[in-house]
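Reading the structure
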Amino acid sequence: MMPLHLAPFVRWRSGLVLAWICLFSVGFTCIGAEHAASVTHPLPVAFSDLLPHFLVEPDDVYIVKNKPVTLTCRSTPATQIYFKCNGEWVHQDQHLIERDVDPATGLPVMQVKIDISRQQVEKIFGLEDYWCQCVAWSTTGTQKSQKAFVRIAYLRKNFEEEPLGKEVALDQEVLLHCHPPEGVPPAEVEWQRNEELIDPKTDPNFFITADHNLIIKQARLADTGNYTCVAKNIVARRKSSSATVIVYVDGGWSEWSKWTPCGVDCTMWRSRECTQPTPGTGGKECQGLDVQSLNCTSEQCPQTASGAEDVALYVGIVAVALCLTLLLIILVLVYRRKKEGLDADVADSSILTTGFQPMGIKPTKPGVWAPRRAARSKNSHLLTIQPDLTTTTTSYQGTLRSRNEVGGKFSMSNGPLLEPLPNGSHTLHNGKLPSDPNAFMDRLSSQTYFKTLPRDNVNTSYGTFNFLGGRLTLPNTGISLLIPPEAIPRGKIYEIYLTIQKKEDMRLPLAGCQTLLSPVVSCGPPGVMLTRPVILSMDHCFDACLENWAIRLKKQSYEGSWEDVLQLGEEVVSEPYYCQLEAETCQVFTEQLGRFALVGESLSMAATKRLKLLLFAPAYCSTLEYNIRVYCMDDTQDLLKEVMQMERQLGGRLIDEPHVLLFKDSYHNLRLSIHDMPQAHWRSKLLAGYQEIPFYHIWSGSQRTLHCTFTLERQNLSTCDLTCTLCVWQVEGEGQSFSLDFNISKDIRPLDSDFLLMDNCTPALAGPSAFQIPYLIRQKICSSLDAPCPNGADWRLLAQRLKLDRHMSFLASKSSPTSVILDLWEAQHFHSGNLNQLAAVMAEIGKQEAMIFLVSDGEC
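If you're wondering where the values come from, they're calculated on a predicted model, not measured in any experiment. (Residues numbered from 1 in each chain as written. Predicted model: local features only at pLDDT ≥ 70, side-chain atom pairs only at ≥ 80, totals over all residues. Heavy atoms only, no water.)

**Details of the overall build of the protein chain**
Counted only if it meets this: Note on conventions: DSSP H or I runs of at least 4 residues are helices, E runs of at least 2 residues are strands, and numbering of each starts at the N terminus. With a 1.4 Å probe rolled over the protein chains alone, any residue whose accessible area is under 20% of its type maximum counts as buried; one over 50% counts as exposed, and the rest are partly exposed. Computed with a 1.4 Å probe, the accessible areas rest on the Shrake-Rupley method; for each residue, only the protein chains presented here act as cover.
Across its full length, the protein chain carries 12 helices and 51 strands. For the protein chain, the residues scored as buried account for 45% of the 860 residues in total. Carbon and sulfur atoms provide 54% of the accessible area of the protein chain, an area that totals close to 45800 Å².

Written out as C-alpha cells, the structure is:
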C-alpha cells in the first residue's frame with residue numbers, strides 16, 4: 001500500500017489510477033503533499049514506460065552492541081523511493097534521500113538511507129526477524145527490493161562442548177571435540193596448539209570437520225601440546241579451556257643378540273634391549289624378559305659321570321616319600337574312629353533341634369508389642385547351640401495404635417524377598433538389622449539392574465513391609481518413601497530399599513539448556529506389584545513457577561535409558577505417575593518403583609534456580625595461610641548433608657550462616673570476590689580481582705560440591721582477628737555478600753550445630769508406627785468422606801481445606817479419594833504433623849469423626 005504522503009501522485013492508465021497530477025513547464029513539478037519530492041528533469045519519451053530497477057539493494061546487517069546500522073537503496077528511473085520495515089512504512093523524516101540524474105540516459109536516480117537502532121529491533125524480539133524492504137516508484141509503476149534482515153549480534157561466553165585432554169599412542173588418530181558458543185552470526189572456529197594457529201592447508205596431518213572438531217590423523221611426538229578451540233564472530237572472540245594431548249611411545253624390543261658359548265654350568269645366554277623404540281612421554285616399558293637362558297649339552301659343556309654320591313641321594317629321596325605315605329594313612333584311620341564315636345554319643349538329635357524353635361511374640365497389653373519369654377526347659381543345660389533371634393516371624397495380635405506409642409514400633413528385618421504366604425494369613429517380620437549392612441546391598445548387586453546402586457550405607461534405608469504399609473526415610477536429606485496401607489497386596493511381603501544415587505555416577509542425558517533440579521533417587525526393587533501409589537518425597541531447587549519452566553519427571557528403564565514419564569502441570573490421571581509440587585519439595589505418586597529425577601528447561605529469562613552458598617574454613621590453623629572455601633550448590637538437603645560430612649572429614653567448620661542465591665538462565669557466569677581486609681594484617685593471594693565459575697557448570701546441576709577457595713595470608717601467627725566482606729554474584733544478576741568478623745583461633749559461634757539438620761528419625765518404620773493417623777480412625781474417615789454428599793461435605797471439601805484443589809481430577813479417579821488425601825497429608829507432615837489441626841479441618845467440614853482424635857489410647 002502506498003504511504004499517505006505519496007497519495008497526491010496519481011496517474012491513470014488502462015482505467016487504473018496509478019500516479020500523478022502534474023503541471024508541466026520547462027521542467028515539471030508534482031503538486032501534492034507538503035514533502036513530495038520534485039524532479040527537475042522530465043523523463044525522455046523512450047523511457048517513459050520503464051519500471052524502476054535497483055542499482056543497490058539493502059543487505060542483511062548485524063547490530064553490534066548498541067551501534068545502529070544503515071540500510072541503503074538506489075534505483076533508476078525513480079521518482080519516489082521509501083523503506084518499509086516489518087510491513088509498516090518508515091516515517092519520511094527518518095529517510096535520507098539523494099537525487100541525481102544519470103548523465104548517459106538522462107533518467108532520474110534516487111538513493112535513500114535509513115538507520116536502524118537496537119531498540120527498534122528489540123521491540124519485536126521473539127515474534128519474528130526484523131526486516132526492511134525498499135519500494136521505488138516511476139511514472140509506470142513500483143518495484144520492491146529484496147528483504148534485508150537486521151539482527152542483534154552476540155556470542156555467548158560458554159562453549160557448549162569443550163575439548164578434553166587425551167593420552168594417545170604414536171600414530172594413533174586423535175579426535176578433539178568442540179561445539180562453539182551460541183552466537184549470531186554463527187561463530188567461526190579455529191584451533192590453536194600452544195597458542196599458535198593450526199592451518200590444515202600447511203599441515204595436512206590436521207583436519208577440521210564441518211562440525212568444528214579437530215582430527216589429528218596420525219599422532220606424532222611433535223603433536224604433544226595444549227590445544228584450544230577458538231570461536232569468533234563480529235562481536236567477540238572466545239577461547240575454550242585448553243586440552244592437553246600427550247603422544248606417548250610404547251617401548252619395543254630390538255632383535256635378540258647371538259647365544260653366548262656354552263658355559264661350565266651347561267647354560268648359554270642371549271639378551272635384547274627395549275630401544276626400538278625407546279619408551280617416551282609416559283609410554284609403556286617393553287613386556288617380557290630381556291635375558292634368556294638355554295641348557296646346552298654340546299661338546300662345549302663339561303660332562304661328569306654319576307658316582308656313588310648320586311646313588312645315595314636317590315635312595316634318601318625314596319625313603320622320605322615312604323615315611324610320608326605311612327603317616328598319612330595313620331591320620332586317616334584316627335580321624336574315622338573319632339567320627340564314629342561322636343555319632344554314637346549324640347543319639348537323640350531332638351535335644352539340639354529344640355534350640356532352633358521360633359520365638360513367639362505377643363503384646364503385653366492390646367496394641368503393644370513385646371517379646372515373649374520362652375519357658376525354661378529342664379534340660380536347658382544340654383543345649384550346646386544358642387538360638388538365632390535376629391529374625392523371627394510373628395502373627396499380629398491386638399488392635400492398631402498411633403505412632404506415638406513407642407512400644408508399638410517394630411524394626412525391620414533384612415531377609416530375602418518372600419513369596420506370598422499361604423491361606424491368606426498375614427505375618428510380619430520383626431527383628432534387628434544385620435551386623436553387616438552390606439549384606440542387603442550384596443544381594444541386590446548380584447542382579448544386573450542393581451549393579452549401579454551406590455554402596456553407601458549412610459544414604460540407604462531398607463526394610464520389610466506387608467499390607468499394613470510403612471515408611472523409609474533418609475535422615476537429613478528430605479527424601480522419604482511412604483508406603484500407604486493396602487499398597488502392598490495382602491499375602492505378600494516385600495523387602496524395599498531407598499537410596500540416593502550420586503550424580504557423578506549416574507549421568508543423565510541433559511540436552512540443550514536442561515538442568516537437574518532434584519536428587520537422583522532410587523527406590524525398589526522395580527517390578528513389584530503395587531495396588532495403589534506410594535509417595536516419594538524429595539527436595540527440588542527451582543522457583544516452583546511452572547509458567548517459567550518445563551519440568552519433567554524422568555525414570556530410568558531396565559535397559560539404562562532415561563524416559564520422560566510425566567510433565568508437571570500436564571498430568572494425566574490415567575497414568576501411573578502424579579506430582580504435588582510445593583515451594584521447596586515435591587511428592588511423587590507412583591505405582592512403579594525405580595530410579596527418578598526432576599529435569600527442567602527454562603521457558604523464560606525469569607526462570608531461576610536456588611543456590612545454597614556455604615562458607616567453610618579450618619577449625620584449627622597453625623600456618624600463615626588460611627583458606628576459605630565457598631560452596632555454590634543446588635539448594636537441597638541431601639547436598640547440604642554431603643558438604644557438612646565432607647567438611648568434617650577435612651577439619652573444616654562453617655564460618656557464617658548459609659545464604660540463598662537465585663541463579664538465572666542468562667548464560668552469565670558466577671563471580672566471587674573478597675574485599676575490606678585489614679591490609680596491615682592480611683592479604684589475599686588471588687592475583688585477579690575475582691574468581692569465576694562458568695555458567696554451565698552451575699546450571700547443569702551435575703557437579704554436586706562445586707566450590708572456590710580463597711587463600712589468605714596473615715603477617716604473623718599472632719594475627720587471629722579476621723574481618724572481610726565476601727561477595728558472590730551472577731553477572732547482570734542477583735548477588736549475596738557475607739560480612740565476616742571473627743577470631744580464627746577462638747571462634748565459638750554454634751553455627752555448625754544450627755545447620756547440621758539434627759534429624760534423628762528412624763530410617764525404617766513398618767505398620768501403624770509409620771503413620772500419624774491411627775489405622776481404625778483412618779478407615780472411619782475414608783468411609784465417611786468417600787461417599788458423595790449433596791451439600792458438598794465430602795472428600796472434595798477436605799481437599800479444598802488442605803489446598804489440594806488443583807488435584808481434584810486426580811483424586812476423583814481413585815477408588816478412595818479420601819485415602820489418597822490422607823496419604824499426601826502423612827507424606828507432608830510426618831515431622832510436623834498435628835492431629836489436632838486435622839481434627840479442626842474435620843470439624844469445619846461438619847463431620848463428627850473429628851472427635852475420634854481425642855479418644856483415649858484404650859479406646860483405639
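Here the narrative resumes.
**Let's talk about the pairing of strand S35 (residues 534-539)**
We count it as follows: DSSP bridges decide pairing: two strands pair if at least two such bridges lie between them.
Among the 6 residues that make up S35, 6 are buried, leaving the element largely enclosed by the rest of the structure. Alternating residues of S35 divide into Val534, Leu536 and Met538 and Ile535, Ser537 and Asp539, and every residue in both groups is buried. Pairing analysis gives 3 bridges linking strand S31 (residues 479-483) to S35, with the strands arranged antiparallel. Residue Ser480 lies in a different strand from S35, and its bridge partner there is Ser537. Bridge count between S35 and strand S39 (residues 585-590): 6 bridges; the pairing is antiparallel. Looking at S39, one finds that Val534 is bridged to Thr590.

**Some remarks on the sheet that holds strand S21 (residues 214-216)**
Rules: Lines fitted to C-alpha atoms define the axes, with helix axes restricted to the stretch in contact, and inter-axis angles between N-to-C directions lie between 0 and 180 degrees.
Strand order across the open sheet formed by 3 strands is S16-S21-S20, with antiparallel pairing between neighbours. Looking at which strands have only one partner, the edges of the open sheet turn out to be strand S16 (174-176) and strand S20 (206-208). Here the average twist between neighbouring strands, direction ignored, is 20°. Relative to S21, S20 runs antiparallel, the two sharing 3 bridges. The partner of Ile208 across the bridge, within S21, is Leu214.

**As for the sheet that holds strand S50 (residues 735-743)**
If you trace the 4 strands from one edge of the open sheet to the other, you get S47-S45-S49-S50, paired in antiparallel fashion. Bordering the open sheet on either side are strand S47 (691-693) and S50, each of which pairs with just one other strand. Recorded for the sheet is a direction-independent mean angle of 20° between the axes of neighbouring strands. In terms of strand pairing, strand S45 (residues 670-675) meets strand S49 (residues 721-730) through 6 bridges, oriented antiparallel. In the sheet register, Leu670 faces S49, and the bridge partner there is Gln730.

**Description of the pattern of salt bridges**
Note the threshold: For this document, the term salt bridge refers to a Lys or Arg side-chain nitrogen within 4 Å of an Asp or Glu carboxyl oxygen.
As enumerated under the stated definition, the model contains 25 salt bridges in all. Through salt bridges that share partners, Arg193, Asp203, Arg220 and Asp223 make up one connected network.

**Side note on helix H5 (residues 637-650)**
Stated formally: In a helix, the anticipated span is given by 1.5 Å times the number of residues less one.
Here H5 contains 14 residues, and its C-alpha end-to-end distance of 20 Å stays within 8% of the 20 Å for a straight helix at 1.5 Å per residue. Among the residues of H5, those classed as buried are Asp638, Leu639, Leu640, Lys641, Glu642, Val643, Met644 and Glu647. Gly651, located one to two residues past H5, shows a positive phi value of around 80°.

**Side note on unusual backbone geometry**
A cis amide bond links Val184 to the next residue, Pro185, at an omega of -5°. Position of Pro185 relative to the elements: it lies in the loop between strand S17 (183-184) and strand S18 (188-193). Across the junction of Gly524 and Pro525, the peptide omega takes the value 10°, indicating a cis bond. With a phi close to 75°, Asp171 is a non-glycine residue in the positive phi region.

**Quick look at the nonpolar core**
Convention followed: The set of buried Ala, Val, Leu, Ile, Met, Phe, Trp, Tyr and Cys residues whose side-chain atoms join them within 4.5 Å is what this entry labels a nonpolar core. By definition, residues are in contact when any of their heavy atoms lie within 4.5 Å.
Judged by nonpolar contacts, the single largest core of 73 residues is most densely connected at Tyr626 and Ile628. Once you skip the residues sitting within four places of it in the chain, Tyr626 turns out to touch Ala617, Pro618, Cys621, Ile655, Trp682, Phe710, Thr711, Leu712, Leu722, Phe742 and Ile744.

**As for the state of the cysteines**
Formally: Disulfides are defined in this document as cysteine sulfur pairs within 2.5 Å.
Throughout the structure, instances matching the rule amount to 5 disulfides. In this model Cys85 forms its disulfide with Cys132; the gap between the sulfur atoms is 2.0 Å. Residues Cys85 and Cys132 are joined through a disulfide that is right-handed, its torsion about the S-S bond being 105°. Taken together, the positions of Cys85 in strand S8 (residues 80-85) and Cys132 in strand S12 (residues 130-137) put the pair 47 residues apart, joining distant regions of the chain. For the pair shown, Cys85 and Cys132 are each scored as buried. The disulfide that involves Cys262 links it to Cys296, with 1.7 Å between the sulfurs. The S-S bond linking Cys262 to Cys296 shows a torsion near 80°; that makes this disulfide right-handed. Pair noted here: Cys262 is in the loop between strand S24 (243-248) and strand S25 (267-271) and Cys296 is in the loop between strand S26 (291-295) and helix H2 (308-345), with a separation of 34 residues, a long-range link. Since its relative accessible area comes to 9%, Cys262 is described here as buried.

**A closer look at the packing of helix H8 (residues 775-785) against helix H11 (residues 817-828)**
How we decide: Here the angle decides the label: under 35 degrees means roughly parallel, over 145 means roughly antiparallel, 65 to 115 means roughly perpendicular, and every other value means oblique. Helix crossings get a hand from a simple test, with the near helix turned counterclockwise from the far one by less than a right angle marking a left-handed crossing and a clockwise turn marking a right-handed one.
Where H8 meets H11, the closest approach of the two axes is 8 Å, and the angle between their N-to-C directions is 135°. Relative to H11, the element H8 is oriented oblique. Here H8 and H11 pass one another in a crossing that is right-handed. Here Arg778, Ile781, Cys782 and Leu785 of H8 lie close against H11, whose contacting residues are Thr818, Ser819, Leu822 and Asp823.

**A closer look at the packing of aromatic side chains**
Basically, it comes down to this: Stacked, edge-to-face and tilted labels apply to pairs of Phe, Tyr and Trp rings (six-membered ring for Trp) whose centres lie within 6.5 Å, assigned for plane angles under 30 degrees, over 60, and everything in between, in that order. Should the NZ of a Lys or the CZ of an Arg lie within 6 Å of a ring centre and within 35 degrees of the ring normal, that charge is described as sitting over the ring.
Scanning the model with the defined rule gives 13 aromatic pairs in all. Residues Phe695 and Trp699 carry aromatic rings whose centres are separated by 5.6 Å and whose planes lie at 15° to one another, so their mutual orientation is stacked. Placement of the pair is Phe695 and Trp699 together in helix H6 (residues 695-699), with a separation of 4 residues, close to one helical turn. This pair shows no difference in class: Phe695 is buried, exactly as Trp699 is. Ring pairing ties together the aromatic residues Phe542, Trp549, Phe663, Tyr667, Phe695 and Trp699, which thus form one cluster. It is Lys147 that lies over the ring of Trp131; its NZ or CZ is 4.0 Å from the centre. In this structure, Lys609 is placed above the aromatic ring of Trp699, and the distance from its NZ or CZ to the ring centre is 5.9 Å.

**Regarding H8**
Buried within H8 are the following residues: Tyr775, Ile777, Arg778, Ile781, Cys782, Ser784 and Leu785. Each element contacted by the buried residues of H8 is listed here: helix H9 (795-801), H11 and helix H12 (835-845).

**Considering a nonpolar patch on the surface**
So the rule is basically this: What makes a patch is a set of residues exposed beyond 30% relative accessible area and free of salt bridges, joined within 9 Å when like-charged and within 5 Å when nonpolar (Val, Leu, Ile, Met, Phe, Trp, Tyr).
Taken together, the side chains of Leu326, Ile330 and Val334 define a hydrophobic patch exposed on the protein surface, amounting to about 270 Å² of accessible area. Looking at where Val334 falls in the secondary structure, it is placed in helix H2. What makes Val334 partly exposed here is its relative accessible area of 42%.

**Let's talk about the environment of Pro180**
Inspection of the secondary structure puts Pro180 in the loop between S16 and S17. Along the sequence, Pro180 and Asn158 sit 22 residues apart, while their C-alpha atoms lie 7.9 Å from each other. With near-sequence residues (within four places) excluded, Pro180 lies in contact with Phe159, Glu160, Ala187, Val189, His212 and Ala231.

**Overview of the confidence of the model for the protein chain**
To keep it simple, the criterion reads: pLDDT expresses, on a scale from 0 to 100, how confident the predictor is about each individual residue.
Looking at the protein chain, the pLDDT average stands at 76 and 74% of residues meet or exceed 70. In the predicted structure, residues 1-41 sits below a pLDDT of 50 and forms 71 contacts with residues beyond four places in sequence or in another chain.

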